[in-house]
Amino acid sequence: MAFVTRFAPSPTGPLHLGHAYSAMLAYDMAVAEGGTFLLRIEDIDQSRCRPEWEAQIYDDLQWLGLSWPQPVLRQSQRQAVYAAALDDLWARHCLFLCTCNRRDILQALSAPQEGVAAAVGPDGPVYPGTCRDQQTRFAHQPRPDGVLRLHMDQITAAHAAQQGSSGTFSFQEHGSGPLGETGAIRFDGQDLCDHIGDIAVCRRDMATSYHLSVVLDDAEQGVTDVVRGQDLFEATKIHVLLQRLMGLPTPIYHHHRLIRDDQGKRLAKRDDARALSKYRAEGATPADIRRMVGL
Ligand code: GLU
Ligand code: ZN
């Protein structure tokens, strides 16, 4: 199968060295494999995305020497696809409506509960389940008054019943997770319930979520290999679950090390000091950037 990978930034700030590393690594792999490198603009959070950041992304990546096929897929144009997937999941009783706000969730979590500390998953504290059992059935979604969450225990129980075993999931890791995890990565329904829980797949004001969109779009674009930072390793379990649920293929994952600042802290969008454009303005060349990130 031809190698297809992608770089999928959100235009919510300047690209920094960590993005440059991720994009160049994916691009180099595509070139080495005689495959395709795609660019996808992940702009579902319209309150944080800006056209000027998107323009800067194109400019920075071209300056680095990368190229990609046109037109570029932009998630803001795919709302109908996300809505249809949510409708389908809703119709199959995989989702429930949650009207908790952040404070409700933190309060429920701080209530004494047999002395067990709440687990923290890829999206923050594991949802305490407040709305899960108080469901009235609604005919349609999405509704603007809450978020839609996955019924994790029911979904994983159904998966186990169907598999006739403990209900394991797996994906191939060709890079490594933060603890050096590599090769065939396996996890089961219990892991998902304990460490990830009823995650939101449709957020307020977005009518989708990062997890839902990324999975649908990787499938739509025929992505065979996902190259991205180790910070997303745990989220991959959510993506694999969604792929099973929606009958989509699971790509090979290559999670890579994170580029850190001098204090060892991982770079974030707000670290403007590390913005690529700043190095450019100071006269750095693309070869300098490659050297700085160890490529
Ligand atoms: N838009 C996501 C980010 O910038 C992409 C993550 C991914 O590659 O799946 O973190
Ligand atoms: Zn709730």
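The model shown is predicted, which means the values in this text are computed figures rather than measured ones.

(A) Representation of the pairing of strand β2 (residues 36–41) within the structure. With 5 of 6 residues buried, β2 is to be regarded as a mostly interior element. With helix α1 (residues 17–32) bridging strand β1 (residues 4–7) and the parallel β2, this β-α-β connection has right-handed handedness. Where β2 lies against strand β3 (residues 73–74), 2 bridges are found, and the strand directions are parallel. The residue bridging Ile41 from the neighbouring strand is Arg74, located in β3. On the question of chirality, the crossover connecting β2 to the parallel β3 by way of helix α2 (residues 51–63) is right-handed.

(B) Region of the structure containing the side chain of Gln230. With respect to the helices and strands, the residue Gln230 is situated in the loop between β11 (225–229) and α8 (235–246). The contacts of Gln230, once residues within four sequence positions are left out, are Ser176, Gly177, Pro178, His255, His256, Arg257 and Leu258.

(C) Structural detail: the coordination of the zinc ion (ligand 2). Distances from the zinc ion (ligand 2) to its protein donors, Cys98 (SG), Cys100 (SG), Tyr127 (OH) and Cys131 (SG), fall at 2.1 to 2.3 Å. Spacing between the donor residues of the zinc ion (ligand 2) along their common chain follows C-x1-C-x26-Y-x3-C. One end of the pair, Cys98, is in strand β4 (residues 95–98); the other, Tyr127, is in the loop between β6 (124–125) and β7 (147–150), and 29 residues separate them in sequence.

(D) Structural context of the site of ligand 1. Every residue lining ligand 1 is accounted for by Arg6, Ala8, Ser10, Glu42, Tyr210, Val214, Arg228 and Leu232. At a separation of 2.7 Å, a nitrogen atom of ligand 1 approaches a polar side-chain atom of Glu42. For the shell around ligand 1, the residue count by class is 4 nonpolar, 1 polar and 3 charged.

(E) View of the packing of helix α3 (residues 79–91) against helix α7 (residues 210–220). Where α3 contacts α7, the axes come no closer than 10 Å and their chain directions differ by 110 degrees. The orientation of α3 with respect to α7, classified from their angle, is roughly perpendicular. Contacts between α3 and α7 involve Val81, Tyr82, Ala85, Leu86 and Leu89 from the first element and Leu212, Ser213, Leu216 and Asp217 from the second. Split by residue class, the contact of α3 with α7 holds 7 nonpolar, 1 polar and 1 charged.

(F) Fine view of the sheet that holds β2. Judged by pairing direction, the sheet is parallel, and its 3 strands sit side by side in the order β1-β2-β3 without closing on themselves. Whereas interior strands pair on both sides, the edge strands pair on one side only; in this sheet they are β1 and β3. Helix-sheet contacts for α7 involve β1, β2 and β3, and the interaxial angle to β2 is about 145 degrees.

(G) Highlighting the state of the cysteines. Following the criterion strictly, the structure yields 0 disulfides and no others. We note that Cys193 lacks a disulfide partner, and the nearest cysteine sulfur, in Cys94, lies 13 Å from it. Judged by its relative accessible area of 24%, Cys193 falls in the partly exposed class.

(H) Structural view of unusual backbone geometry. Across the junction of Gln70 and Pro71, the peptide omega takes the value -5 degrees, indicating a cis bond. Relative to the elements of secondary structure, Pro71 occurs in the loop between α2 and β3. We note that His93 has phi near 60 degrees; this positive angle belongs to a residue other than glycine. The residue His93 is located in the loop between α3 and β4 in this model. Phi angles above zero are rare outside glycine, and Asp205 is one such case at about 65 degrees. Its place among the elements puts Asp205 in the loop between β10 (200–202) and α7. The exposure class of Asp205 is exposed, given its relative accessible area of 82%.

So, how was this worked out
Residues numbered from 1 in each chain as written. Chains lettered and ligands numbered in written order. Predicted model: local features only at pLDDT ≥ 70, side-chain atom pairs only at ≥ 80, totals over all residues. Heavy atoms only, no water. Buried < 20%, exposed > 50% of the residue type's maximum accessible area, 1.4 Å probe, protein only. Helix = DSSP H or I, 4+ residues; strand = E, 2+ residues; numbered from the N terminus. Right-handed = clockwise from strand over helix to strand, strands pointing away. Pairing = 2+ DSSP bridges. Contact = heavy atoms within 4.5 Å. Donors = N, O, S within 2.8 Å, 3.2 Å for Na, K, Ca; no water. Near = heavy atom within 4 Å. Polar contact = N/O pair within 3.5 Å; in protein donor to acceptor, adjacent residues only side chain to side chain. Nonpolar A, V, L, I, M, F, W, Y, C, P; charged D, E, K, R; others polar. Axes fitted to C-alpha atoms, helices over the stretch in contact; angles between N-to-C directions. Parallel < 35°, antiparallel > 145°, perpendicular 65-115°, else oblique. Disulfide = S-S within 2.5 Å.

These results come straight from atomic positions and should not be treated as a statement about function.
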